[in-house]
Amino acid sequence: MSRFLLVVLPLQGHLYPMLAIGQELARAGHEVVWCGPEDVLRPLVGPDATVHATGARAYRRYDETGMAGVRAMWDGYLIPFTRFTLGPVDEAVLEHRPDVVVTEQYALAGALVAHRHGVPWATLCTGTLELTPPPDLVGFEDYLADKMAQAVAMAGLSDEPIDPRFSPHLVIALMTPGLVGDAALPDRCVLTGAALGARPNAPDFPWHLWDPDRRHVLVTVGTLVGHMIGDFYDRAAAVLAPMADDVQAIFVTSGVAAESFPANAITAELVPMLDLMPKLDAVVCHAGGAVNEALTFGVPMVVAPVRAEQVALARQVARSGAGIEVSVLDVTVAELDAALRAVLDGPDHRRHARRIGAEFAAAGGAATAAAHLVELASGT
């Protein structure tokens, strides 16, 4: 059996895929050590798992979009997070002597420390921005090259050619050809589809309010961009309220005032996504983690991206035919109504969403990712 050190980025959409892969490795009898904030990881991995704590680094919400948002993310959070975690990750590698370090793509310290100690490492790409950046992000490649040089210098590796976003040993991307198309991908990149596993912290849901005789639409913008959507929920409510005889809406509130929601909607601060998805007929979302969850169950979408990483994924969804992209700030009630009715009532988007879901199932998800990691650990 092999020993794996999993270095996480402590944001929900980045944590859950890593959790699923760690569960698969542990189920197969391998030793799994987690590296990240104790208070974030412990509720997910349980009392018996080994957690090498890094302490917590506050995530600063930012309002910028496009390239300005990319800069805010890297300068305001990811580079400081790298600096903050380099020491604890180094301690974890020295203490636990892993055969392989598995690091979330934005948890650069995992890659940098593994490289420094000569430990094979794997990158987990939970998103698509770094793999397939939108061409209208002018200056993206040059800016990221500068950030990578900054991170490499921070780790004392200035003379070594390394891009800590992409392992030369193994890159795991949670997508399939139906999404990425013919995009050029890094060497040693495997496409596994969504990595979904048990979520011990899944919230309760008011199932007693569920109407089995109506179709169901989930509206969610996640937990980090609710302050950037303007009156999008008001417009979604204006679309869904007249459909109430046939459609029951579920809104993830994201800090939005209660009066924004139709009186007949189910509202919740958080929802158990993996329990909810198989029961849904459509999803309206910001093209975050809900995309892979929806596609897994063949649910078509209206995607209203906010930040650059969401724009990249939204465009893949639209190109695949599994959904329709709209502007979160500019889409009118009439346009949003037309988009939602198209994914609800027309067969094409559902058919394409199910096609991608079948690709996900064939790719193997967390089990396939774990198998590639075991192969890397064995040196074959």
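The rules behind the values
Residues numbered from 1 in each chain as written. Predicted model: local features only at pLDDT ≥ 70, side-chain atom pairs only at ≥ 80, totals over all residues. Heavy atoms only, no water. Helix = DSSP H or I, 4+ residues; strand = E, 2+ residues; numbered from the N terminus. Buried < 20%, exposed > 50% of the residue type's maximum accessible area, 1.4 Å probe, protein only. Pairing = 2+ DSSP bridges. Right-handed = clockwise from strand over helix to strand, strands pointing away. Axes fitted to C-alpha atoms, helices over the stretch in contact; angles between N-to-C directions. Parallel < 35°, antiparallel > 145°, perpendicular 65-115°, else oblique. Left-handed = near helix turned anticlockwise from the far one by under 90°. Contact = heavy atoms within 4.5 Å. Nonpolar A, V, L, I, M, F, W, Y, C, P; charged D, E, K, R; others polar.

Chemist: Outline the environment of Arg307, listing residues and values.
Modeler: For Arg307, the position within the fold is in the loop between strand 12 (301-303) and helix 10 (308-320). According to the relative accessible area criterion, Arg307 is buried, its value standing at 2%. Between the alpha carbons of Arg307 and Gly66 there is a distance of 6.2 Å; along the sequence they are 241 residues apart.

Chemist: Lay out the pairing of strand 2 (residues 31-36) with the relevant residues and their values.
Modeler: Every other side chain in a regular strand lies on the same face of the sheet, so the side chains alternate between the two faces. Buried residues dominate strand 2, accounting for five of its six residues. Looking at chain direction, strand 1 (residues 3-7) and strand 2 are connected through five bridges and run parallel. Following the sheet pairing, Val7 is matched in strand 2 by Cys35. Read as a crossover between parallel neighbours, the route from strand 2 over helix 2 (residues 38-45) to strand 3 (residues 50-53) is right-handed.

Chemist: Explain the packing of helix 1 (residues 12-27) against helix 2 to me, and be specific about the residues and the numbers.
Modeler: The N-to-C vectors of helix 1 and helix 2 enclose an angle of 45°; their axes lie 11 Å apart at closest approach. With respect to helix 2, the element helix 1 is oriented oblique. Between helix 1 and helix 2 lies a crossing of right-handed hand. In this structure, helix 1 uses Leu15, Tyr16 and Leu19 to contact helix 2, whose residues at the interface are Val40, Leu41, Leu44 and Val45. A class-by-class count of the residues in the contact of helix 1 with helix 2 yields seven nonpolar, no polar and no charged.

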